[in-house]
Amino acid sequence: MPVERIKPTDFTRTPATPAAKPDFGSATIPKERYTSAEYMRLEWERMWTKVWLLGCRMDDIPNPGDYHVTSIGKEEIILVRQKDMSVRGFFNVCLHRGNRIMVGEGNATSFKCQYHFWEYGLDGAFENIPDLETFPQGAPPCKGLREVKCDTWNSFVWFSMNPEAEPLLDYLAPLPEHLEPYHFERMVKVADMTVEWDCNWKTSVDAFNESYHVQGIHPELLYFIEDKDVQIDCYGRHNRYLVPFSTISHRVEETTEIPHLIKHAMKEAGMNPADFDGRVTEVRKALQAFKRKHGPAMGLDYSDLNDDQLTDDYHYNIFPNLTLNTHADDLMLFRQRPHPSDPNKMFFDVFIFKLLKKDEPRPKKPRHEQFKHGEKSLGLVLDQDAYNLPGVQAGMNSDSFDGLWIGDQELRIRHFHHVLESYVGS
Amino acid sequence: MDLRLKGLKAAVTGGTRGIGNAIVHVLAEEGCALATCGRAPERIESLRRQMDAAGVRFHGETVQGRDGEAMRNWTRNSVEALGGLDIFVASLSAGGGTDEERYWYRNFEIDLMSAVRGVEEALPALRQSKCPSILILATMAASETFVAPMAYNAIKAALVTWSKQLSQQLAPEGIRVNCLSPGPTMFKGSNWEMIRVARSRIYDNAVRQQPTRRMGTAEEIARSAVFLASPAASWCNGSHLLVDGGFSKRVPF
Ligand code: FES
Ligand SMILES: [Fe+2]
């Protein structure tokens, strides 16, 4: 039985019809892109400093003076809410002798470097330079902190180190139309973690851009998702796949008992698995209908989502480094950041957002935690991915390995490299 | 040993999968005509094709086990289609489930009442048979603490009690009633196959308790079941046979 998907005539705001299949050939992808310091340098110069990047959530900095320091490679950026409620971003670098100015998150009336107390306003402009008269050359002519481009979309703050960067919405196109129906602004952050992984940032991006590895390292998911019959769509820079959840893989036999992860999804929606007399492969559609019918009474507004979105994983990659597992009730957002100098290391940020029911009190904002791989669990599935990645990176470094041998189920990896090449060159 | 099943007519609930399905096949090989019911129409159809190919008289219907009327109708239709009935096997089960009160109702309707209803409808035909017998499938988990306390285990225990007392009532009429409790059983599409992959710790724990470090196969259960139901087991009545490869540790004096 093929997976039943919404029909072209069914309600949807997120485009759901398959995009035209691109042809990126079948060449081996050079492994140096993952292992070489030289490639890493070019990637920085030609890609990271040119694209739009996700900084923080708008509700991380709700009030004037609220700031959040985010980092990418060797750079740190202060994102700060202005008095007029707009958001601006500055390199977190003191113009005196280069010291970092701010750390973490908080509220400030000015940014004051703790080395010699040079002080900058929320707008980045010099506010006070102690003993300015002892600088015969005067203050630096630039008037203050070096600014980066900053904009907001769909509850997130974005920045670009490229002064020539196109407008954010143009960069993200066509995804705003895809993702706005999820109303991320109605969701709240419930987890905020950063893990240091021993692999290149792309090794991690790749691991989320294909479901081919589910049979290998997430076998228990074969009884919760369809891993092979997935719809892959590539758009300009970005891509996605649509993975049916609350069903079973075609690789396994249907059972009489409903697998526990599917039961869990039913219970979460208030549907009692003990009263469901249909077959396991009939749960997904029934759960969609149940959520459609009972969502409003539970204070959950699914009105902008199509039926499949009520159960499935609409899984997006926003180039270059964002992985979005979008679900009706939550968003699991992964941000993969390169290490400042080592192509064999990266930072993996996990942000989990949960849709609040109407009138549900906002939970306390989670504290950001940072740790090394293995020090703390990220949950079974992510732990399985994390456990595997250093081995992939180590193997790619072997002289015996030439490059990535990519199949159709990994089309998103090819597309990602196609876009990467358009920045870095091949 | 001749099981003396040739030419007999048997109805098996839940015969499209697993143990029930294996019982259907063994009975067919032994020369019985077969009737069965199950939830999936395509499984009924594929079974029909297999039986047709083997030249076995067959009646199959899609039935939802919770639907009492449908269960009774299927039993009556089976008697009619086969032109009588000698053996009734109650194998249908809803499987396990915890943490929801509604599982008690589910197992009550599907495991217990489908058997009670089927037997009630089968009795008039069985009374006409020369070697009538009823076989009730329960579970080792009814008498051995297993995985978690749940409706499945306890409702199956009710079947054990009921089948024993039914055997006393029906013995004077020459109708034998026996009960068989399988241990963990592995077959294609079994819940254990899913648990092995999706909840490997529960599976490993179950297999560790098995002295041979493997689960039984549906055929291994079916052969014992077919013997108990057959005229060859004429002196087995009211017995409760544990077929678990040595899983349970209790000495049943
Ligand atoms: S480095 Fe910042 S004040 Fe001197
Ligand atoms: Fe994974």
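Going by what an unreviewed UniProt entry lists, chain B is known as SDR family oxidoreductase and is assigned to Paracoccus siganidrum. Its UniProt record gives chain B the following Sequence similarities (unreviewed entry) comment, quoted word for word: "Belongs to the short-chain dehydrogenases/reductases (SDR) family."

Draft legend 1. Up close: the packing of helix α3 (residues 68-82) of chain B against helix α4 (residues 102-128) of chain B. All names here are of chain B. Running from amino to carboxyl end, α3 crosses α4 at an angle of 30°, the nearest separation of the two axes being 9 Å. Between α3 and α4, the crossing angle belongs to the class labelled roughly parallel. Relative to α4, the crossing made by α3 is right-handed. In this structure, α3 contributes Gly68, Met71, Arg72, Thr75, Arg76 and Val79 to the contact, and α4 contributes Ser114, Arg117, Gly118, Glu120, Glu121, Ala122 and Ala125.

Draft legend 2. Region of the structure containing the domain arrangement of chain A. Residue and element names in this part refer to chain A. Partitioning chain A into structural domains gives domain 1 (1-50 + 174-426) and domain 2 (52-164). The gap between the C-alpha centroids of domain 1 and domain 2 is 32 Å. Taken together, the contacts link 28 residues of domain 1 with 22 residues of domain 2. A combined buried area of about 2,000 Å² lies between domain 1 and domain 2, and 57% of that area is made up of carbon and sulfur atoms. Inspection of the region where domain 1 meets domain 2 yields four salt bridges. A salt bridge links Lys365 to Glu105, with the shortest nitrogen-to-oxygen separation between them at 2.8 Å. Counting the contacts that link domain 1 with domain 2 gives 13 residue pairs in polar contact (both at pLDDT 80 or more).

Draft legend 3. Highlighting the pattern of salt bridges. Counted according to the given criterion, the structure contains 48 salt bridges over all chains. One salt-bridge network, in which partners are shared between bridges, spans Asp60(A), Glu105(A), Lys189(A), Asp192(A) and Lys365(A).

Draft legend 4. Structural context of the packing of helix α2 (residues 37-48) of chain A against helix α10 (residues 411-424) of chain A. Residues and elements named next belong to chain A. Interaxial distance between α2 and α10 falls to 8 Å at its minimum, and their mutual angle equals 80°. Taken as axis vectors, α2 and α10 run roughly perpendicular relative to one another. Only Leu420, Tyr423 and Val424 of α10 make contact with α2, whose side of the interface consists of Tyr39, Leu42, Glu43, Arg46 and Met47.

Draft legend 5. Up close: the pairing of strand β2 (residues 33-38) of chain B. Residue and element names in this part refer to chain B. Where burial is concerned, most of β2 is hidden: six out of the six residues are buried. Here β2 shows two buried faces, one formed by Ala33, Ala35 and Cys37 and the other by Leu34, Thr36 and Gly38. For strand β1 (residues 9-13) and β2, the ladder comprises five bridges, and the chain directions are parallel. Bridging from a neighbouring strand, Ala11 pairs with Ala35 of β2. Read from β1 through helix α1 (residues 18-29) to β2, the crossover connection turns out right-handed. Pairing of β2 with strand β3 (residues 58-62), which is carried by five bridges, proceeds in the parallel orientation. Each residue of the ladder has a partner; that of Leu34, found in β3, is Phe58. One crossover worth recording links β2 to the parallel β3 by way of helix α2 (residues 41-53), and it is right-handed.

Draft legend 6. Representation of the state of the cysteines in the model. One pass over the full model with this rule turns up zero disulfides over all chains. With no disulfide partner, Cys142(A) has as its closest neighbouring cysteine sulfur the one in Cys94(A), 10 Å distant.

Draft legend 7. A look at the sheet that holds strand β2 (residues 52-57) of chain A. All names here are of chain A. Spatially, β2-β11-β10-β5-β4-β3-β6 is the arrangement adopted by the seven strands of the open sheet, whose pairing is antiparallel. Where the open sheet ends on each side, the last strands, each with one partner, are β2 and β6 (105-107). Neighbour-to-neighbour, the strand axes of the sheet open up by a mean angle of 30°, direction not taken into account. The pairing of β2 with strand β11 (residues 156-160) spans five bridges and is classified as antiparallel.

Draft legend 8. Examining the interface of chain B and chain A more closely. At the interface, 27 residues of chain B touch 21 residues of chain A. In terms of surface lost to chain A, no three residues of chain B exceed Arg39(B), Met194(B) and Val197(B), which account for 25% of the buried area on that side. When the shortest N-O distance is used, the salt bridge between Asp277(A) and Arg106(B) registers 2.9 Å. Here chain B is connected to chain A by 17 residue pairs in polar contact (both at pLDDT 80 or more).

Reading the values: rules and limits
- Residues numbered from 1 in each chain as written.
- Chains lettered and ligands numbered in written order.
- Predicted model: local features only at pLDDT ≥ 70, side-chain atom pairs only at ≥ 80, totals over all residues.
- Heavy atoms only, no water.
- UniProt positions renumbered as here; feature names shortened; annotations may be inferred.
- Axes fitted to C-alpha atoms, helices over the stretch in contact; angles between N-to-C directions.
- Helix = DSSP H or I, 4+ residues; strand = E, 2+ residues; numbered from the N terminus.
- Parallel < 35°, antiparallel > 145°, perpendicular 65-115°, else oblique.
- Left-handed = near helix turned anticlockwise from the far one by under 90°.
- Contact = heavy atoms within 4.5 Å.
- Domains from an automatic or database assignment.
- Buried area = accessible area lost by both parts, 1.4 Å probe.
- Salt bridge = Lys/Arg side-chain N within 4 Å of Asp/Glu carboxyl O.
- Polar contact = N/O pair within 3.5 Å; in protein donor to acceptor, adjacent residues only side chain to side chain.
- Buried < 20%, exposed > 50% of the residue type's maximum accessible area, 1.4 Å probe, protein only.
- Pairing = 2+ DSSP bridges.
- Right-handed = clockwise from strand over helix to strand, strands pointing away.
- Disulfide = S-S within 2.5 Å.

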